[in-house]
Amino acid sequence: MKRPVPVESASALIDAKIKELGDWRGQTLAKVREIIHEADPEMVEEWKWVKPTNPGTPVWSHGGIVSTGETYKSVVKMTFAKGAALEDPSGLFNSSLDGNARRAIDFHEGDQVDEAALKDLIRAAVALNLKGLKGKSKPKPRRASSKRAD
């Protein structure tokens, strides 16, 4: 009987993606990843949405999805799952501005990353996720009805 091949960890898949890109997009994704972990050392790396037409997407989570790191031909897109609910005093969000939930930052070749502002945005996104978790309580067990069916 064949033993199943172990699934690569999300971190290894992200490493491979950065290496595979091998250009400014890989460097930008690596830089964004570094900033994410500096902003929140408890951030969890995930790899989601694998389909036959898509090898998957890097995702960073803490108390829920914080951000994705998608790469395209001319842009590295960092999409914040709850970006519409975040204050963005530095004006980092420059894409997906019309949605009710998400906001994104598109990084183009040659763009400089405002590390301090991005760290603030990441920390705010984590705080929002954790605030949402605190408000949720476990569902109360239902009591059996005292009414009898006759």
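This section reports on the structure supplied with the text. Counting restarts for each chain, with residues numbered from 1 along the sequence as it is written. For a predicted model such as this one, the threshold for reporting local features is a pLDDT of at least 70, and the threshold for listing and counting side-chain atom pairs is 80 or more; totals across whole chains, interfaces and linings nevertheless cover every residue. Remark: hydrogens and water are excluded; side-chain values derive from all non-hydrogen atoms of the structure.

1. So, the environment of Ser74
- Strands here are runs of E lasting at least two residues and helices are runs of H or I lasting at least four, both read from the DSSP assignment and numbered beginning at the N terminus. Along the polypeptide, Ser74 turns up in the loop between β3 (65–71) and β4 (76–80).
- C-alpha separation for the pair Ser74 and Glu109, spaced 35 residues apart in sequence, amounts to 7.3 Å.
- Contacts of Ser74, omitting those with residues within four sequence positions, involve Trp24, Phe107 and His108. In this analysis, two residues are considered to be in contact whenever any of their non-hydrogen atoms come within 4.5 Å of each other.

2. Some words on helix α3 (residues 115–134)
- Given the number of residues in a helix, its expected span is that number minus one, multiplied by 1.5 Å. Given a rise of 1.5 Å per residue, 20 residues ought to cover 28 Å, and the 29 Å separating the end C-alpha atoms of α3 matches this to within 8%.
- Taken together, the buried positions of α3 are Ala117, Leu118, Lys119, Leu121, Ile122, Ala125, Val126 and Asn129.
- Of the surrounding secondary structure, the elements contacted by the buried residues of α3 are α2 (24–39), β3, β4 and β5 (103–107). Only protein chains enter the accessibility calculation, which uses a 1.4 Å probe. A residue is then buried if its area is under 20% of the maximum for its type, exposed if over 50%, and partly exposed in between.

3. Things to note about the packing of aromatic side chains
- Pairing of aromatic side chains here covers Phe, Tyr and the six-membered ring of Trp, requires ring centres within 6.5 Å, and sorts the geometry by plane angle: under 30 degrees stacked, over 60 edge-to-face, intermediate tilted. One pass over the structure, following the stated rule, counts 1 aromatic pair.
- Ring geometry for Phe80 and Phe93: centres 5.5 Å apart, planes at 80 degrees, overall edge-to-face. Separated by 13 residues along the polypeptide, Phe80 in strand β4 and Phe93 in the loop between β4 and β5 bring together distant segments of the chain. Taken individually, Phe80 and Phe93 each receive the classification buried, so the pair is uniform in this respect.

4. A word on the pairing of strand β2 (residues 57–61)
- Counting buried residues in β2 gives 5 out of 5 residues, a clear majority hidden from the surface.
- Of the two faces of β2, the one carrying Thr57, Val59 and Ser61 and the one carrying Pro58 and Trp60 are both buried.
- In this description, strands pair whenever DSSP reports at least two bridges between them. One ladder, built from 5 bridges, connects strand β1 (residues 44–48) with β2; its direction is antiparallel. Bridged to Val44 within β2 is Ser61.
- A loop of 3 residues connects β2 with β3, the two strands running antiparallel in sequence, and Gly63 in this loop sits at a positive phi of about 75 degrees.

5. A short note on the nonpolar core
- In these notes, a set of buried Ala, Val, Leu, Ile, Met, Phe, Trp, Tyr and Cys residues joined through side-chain atoms within 4.5 Å is what counts as a nonpolar core. In terms of nonpolar packing, the biggest core is built from 28 residues, with Met78, Phe80, Ile105, Leu118 and Ile122 touching the most fellow members.
- Of all the secondary structure elements, the ones that give two or more residues to this core are α1 (10–21), α2, β4, β5 and α3.
- Setting aside residues no more than four positions away along its own chain, Leu118 makes contact with Ile35, Met78, Phe80, Leu92, Ile105, Phe107 and Val113.

6. Describing unusual backbone geometry
- The backbone of Trp49 shows a phi angle near 65 degrees, a positive value even though the residue is not glycine.
- Positive phi is not limited to glycine here, since Ser96 has a value of about 55 degrees.
- Structurally, Ser96 is set in the loop between β4 and β5.
- Ser96 sits in the partly exposed class, given a relative accessible area of 36%.

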